[in-house]
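# Reading the structure
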Amino acid sequence: MSNLSFGNLRLTPPKILSLGFFLLIVAGTILLSLPAASTGERLSFIDALFMATSATCVTGLAVIDTGTQLTEFGQIVLLVLFQFGGLGFVTMATVITLVLNKRISLKERLLLQESMNQNSMQGIVKLIRRVLLYSLVIQLSGAILLAARFTVDMPLGKAVYYGLFHSISIFNNAGFDLFGDIHGPFSGLTRYAEDFIVNITSMLLIFLGGIGFIVLSDVVDYPKRKRLTLHSKVVLSTSAVLIVVGAAIFFWLELNSTLKPLHPGGKIMASLLQAITPRSGGVTTIEIPLLRESTQFLMILLMFIGAAPGSTGGGIKITTFAILVVTAFARLRGKEDIVMFRNRISKENVYRAITMTLLSLMLVVSATMLLSVTERADFLTVLFEAVSAFGTSGITMGLTPELTTIGKILVIILMFVGRTGPLTLAYALKPKNSKELYRYPEGNITIG
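Since the structure is predicted, the reported quantities are computational estimates derived from the model, not experimental observations. Positions within a chain are numbered from 1, following the residues in the order the chain's sequence is written. Only residues with pLDDT of at least 70 get local features here, since the model is predicted, and only at 80 or more are side-chain atom pairs given and counted; chain-wide, interface and lining totals rely on the full set of residues. To obtain the side-chain values, all non-hydrogen atoms of the structure were included, while hydrogens and water were left out.

## Here's the deal with the overall build of the protein
Only DSSP runs of H or I covering at least 4 residues are called helices, and only runs of E covering at least 2 are called strands; the numbering of each starts at the N terminus. A tally of helices and strands in the protein yields 19 helices and four strands. A simple rule labels every residue: compare its accessible area, found with a 1.4 Å probe on the protein chains alone, to the largest value its type can have, and call it buried under 20%, exposed over 50%, or partly exposed in between. Every one of the 448 residues in the protein was classed for burial, and the buried ones make up 54%. Residue contacts are defined here by distance: any two heavy atoms, one from each residue, within 4.5 Å place the two residues in contact. A sequence separation of at least 24 residues applies to 68% of the contacts in the protein between residues at least 6 apart. Accessible area of the protein: about 21600 Å², with a carbon and sulfur share of 64%. Methods summary: accessible areas were calculated by the Shrake-Rupley approach with a probe of 1.4 Å, and residue burial reflects only the protein chains presented.

Below is the structure:
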């Protein structure tokens, strides 16, 4: 991986990306600590750090109610943080450079390649321009639809503000909401469980934000090119399977429980939204603590899988999950090659998927064990919170506002690693590469 020189410093792209997110969090913490950001007492340092991390890492977990305990200044600080965090600070810095009509240097192109999970720098600036255009169009469309719906419940000015805030929040998979000011603290979208406009708009925003800008660009080009890349095929097909299967299982498990009071259309919408939102959306229309344990565990699995690479979401990523599944089936059938859509997957990608999953599992398991010691909650609640933080999903069973100081620090670390990616952080922290001058003899170990 190429090193970039900054004065006497030589930083790799993973190090710069990790440092950039860290600096954004520091700036957000300072701003949220100001008296002007809170409606009551100013936030403590740890609470301001937690909220800044959650916003920058587009998670949505909150130790305070955003709608009642933050002023408009504090809410706008959060909005800016999750807009930068969702699109990526490198992307936003490049957009500013393009607006100022400046030239994009090789150094910046390398950073963009890393931040967008691209294999080459070819066409990277064109992709960034598209990212900006798609983001603006999608978020503005969502804001208009939501604002039009909210005018029924609140004055026009407030409806426009709520529509814009929630459209940006949901598209960036941040999951913050302001409805605590209307329906009570931490109420979320539970009052809109059967609302067609709010549900469909939210699902589309989460889906479009979660499939990644690479796929969005590919889909827009499809009428002209008449084909999709392998990456887009894998992301779209796996997303469709996870949504349909997840919604069907949720519907089956909760039909005579939390879904019982809803009309048939409401049951279907609630099942679909709850199948889409764990993969990093963060908004729910059903009270998560009231779900059956089996349903909560289903959501844990979906949160762990997460969204697509190069998107606003977290988790181990859809493509990683797809490669693991296809690899397992290929080995069971005795196949040597891993094939997806008539394309052979390189062993490097398979190793990367396995490494990502194992690192993620180790991180979540370790954090869950520590949280089970520091927090007074049952194991499933602690596991749910840990996976939600790592997957930057932002869904909670109510534990977040009750976290101890040590618990908050653990969750902050999970959110940061979940957003930057375990592999990115590992590459950022690893020592300088040194070429091995010899190889050890091959040995055999019995497996299974």
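Having seen it, we continue.
## What to know about the pattern of salt bridges
In the sections that follow, a salt bridge refers to a side-chain nitrogen of Lys or Arg positioned within 4 Å of a carboxyl oxygen of Asp or Glu. For the coordinates displayed, the defined rule picks out seven salt bridges. The residue D47 makes a salt bridge to K408 at a minimum N-O spacing of 2.6 Å. Highlighted residues: D47 in helix 2 (residues 45-56) and K408 in helix 18 (residues 405-420), separated in sequence by 361 residues. On the basis of relative accessible area, K408 is assigned to the buried category, the value being 11%. A salt bridge links R225 to D218; its shortest N-O distance comes to 3.0 Å. Overall, R225 belongs to the partly exposed group, its relative accessible area being 32%. When its relative accessible area of 4% is taken as the criterion, D218 is described as buried. Three or more residues joined by partner-sharing salt bridges are found here, namely R149, D153 and D195.

## Examining the packing of aromatic side chains
A pair of Phe, Tyr and Trp rings is counted when the ring centres sit within 6.5 Å of each other, with Trp represented by its six-membered ring. The angle between the planes then sorts it: under 30 degrees is stacked, over 60 is edge-to-face, the rest tilted. Scanning all chains against the criterion turns up nine aromatic pairs. Measuring from ring centre to ring centre gives 5.9 Å for F150 and Y192, while their planes differ by 55°; the resulting arrangement is tilted. Taken together, the positions of F150 in helix 7 (residues 124-150) and Y192 in the loop between helix 9 (180-183) and helix 10 (196-210) put the pair 42 residues apart, joining distant regions of the chain. Given a relative accessible area of 1%, F150 falls into the buried group. Take Y192: its relative accessible area is 3%, and that puts it in the buried class. Pairwise contacts between aromatic rings join F82, F150, Y161, Y162, F165, F176, F179 and Y192 into one cluster.

## Concerning unusual backbone geometry
Positioned with a positive phi, N173 is a non-glycine residue whose angle comes to about 60°. Mapped onto the fold, N173 is located in the loop between helix 8 (156-171) and helix 9.

## Concerning the packing of helix 10 against helix 13 (residues 264-276)
Axes here refer to lines fitted to C-alpha atoms; in helices the fit is confined to the stretch in contact. Angles between the N-to-C directions go from 0 to 180 degrees. Orientation of helix 10 relative to helix 13, taken along the N-to-C sense of each, is 25°, at an axis distance of 10 Å. With respect to each other, helix 10 and helix 13 are oriented roughly parallel. Crossing handedness for the pair helix 10 and helix 13: left-handed. Listed contacts from helix 13 to F196, N199, S202, M203, I206 and F207 of helix 10 are M269, L272, L273 and I276. Here the nonpolar group is Ala, Val, Leu, Ile, Met, Phe, Trp, Tyr, Cys and Pro; Asp, Glu, Lys and Arg are the charged ones; every other residue, Gly included, is treated as polar. In terms of residue class, the contact of helix 10 with helix 13 is made up of eight nonpolar, two polar and no charged. Reported orientations rely on four angle classes, namely roughly parallel under 35 degrees, roughly antiparallel over 145, roughly perpendicular from 65 to 115, and oblique for the rest. Each crossing is labelled by how the near helix is turned from the far one, with a counterclockwise turn of less than a right angle marking it left-handed and a clockwise turn marking it right-handed.

## Re the packing of helix 2 against helix 18
At their nearest, the axes of helix 2 and helix 18 sit 9 Å apart, and the two run at 20° to each other. One way to sum up the angle between helix 2 and helix 18 is to call them roughly parallel. As helix 2 runs across helix 18, the sense of the crossing is left-handed. Residues I46, D47, L49, F50, T53, S54 and T56 of helix 2 form the contact with helix 18, whose own contacting residues are T405, K408, I409, V411, I412, M415, F416 and R419. Residue composition of the contact of helix 2 with helix 18, by class: eight nonpolar, four polar and three charged.

## Some words on the nonpolar core
Working definition of a nonpolar core: buried Ala, Val, Leu, Ile, Met, Phe, Trp, Tyr and Cys residues. They are joined through side-chain atoms within 4.5 Å. Counting 97 residues, the largest nonpolar core has L32, F82, F150 and F176 as the members making the most contacts within it. By residue number, the principal contributor to this core is helix 17 (residues 379-390), which donates eight residues. Not counting residues up to four positions away in its chain, the partners in contact with F150 are A159, Y162, G163, H166, F179, Y192 and V198. Among the nonpolar cores identified, the runner-up in size contains nine residues, and A330, I338, M340 and V350 belong to it.

## Some points on the side chain of D177
When you line up the elements, D177 lands in the loop between helix 8 and helix 9. Buried charge without a partner: D177 forms no salt bridge, and the closest opposite charge is R191, 11 Å away. Think of it this way: Lys and Arg go in the positive column, Asp and Glu in the negative one, and His and the chain ends go nowhere.

## With respect to the side chain of N199
In this fold, N199 is placed in helix 10. For N199, a relative accessible area of 0% translates into the label buried. Think of a polar contact as two N or O atoms within 3.5 Å of one another; within protein, one of them needs to be a possible hydrogen donor and the other a possible acceptor, and neighboring residues in sequence only count if both atoms come from side chains. Polar contacts involving the side chain of N199 include one to the main-chain carbonyl oxygen of A193, which spans 3.4 Å. Aside from chain neighbours lying at most four places away, what touches N199 is Y192, A193, E194, M269, L273 and T285.

## Some points on helix 8
Multiply 1.5 Å by the residue count of a helix minus one, and that product is the helix's expected span. Here helix 8 is 16 residues long and its end C-alpha atoms lie 22 Å apart, about the 22 Å a rise of 1.5 Å per residue gives. Along helix 8, the positions that sit buried rather than exposed are A159, Y162, G163, F165, H166, S167, I168, S169, I170 and F171. At the exit of helix 8 stands N173, carrying a positive phi of roughly 60°.

## With respect to the environment of I345
The topology assignment puts I345 in strand 4 (residues 343-345). By relative accessible area, which is 10% here, I345 ends up buried. Other than its neighbours up to four places away in sequence, I345 contacts L230, I323, I338, M340 and V350.

## A short note on helix 15 (residues 318-332)
An ideal rise of 1.5 Å per residue puts 21 Å on 15 residues; helix 15 measures up with 21 Å between its terminal C-alpha atoms. Restricting attention to buried positions, one finds in helix 15 the residues I318, T319, T320, A322, I323, T327 and A330. Of the surrounding elements, those touching the buried residues of helix 15 are helix 12 (230-254), helix 14 (293-305), strand 3 (338-340), strand 4 and helix 16 (347-374). Once helix 15 finishes, G334 follows within two positions and takes phi at roughly 75°, a positive value.

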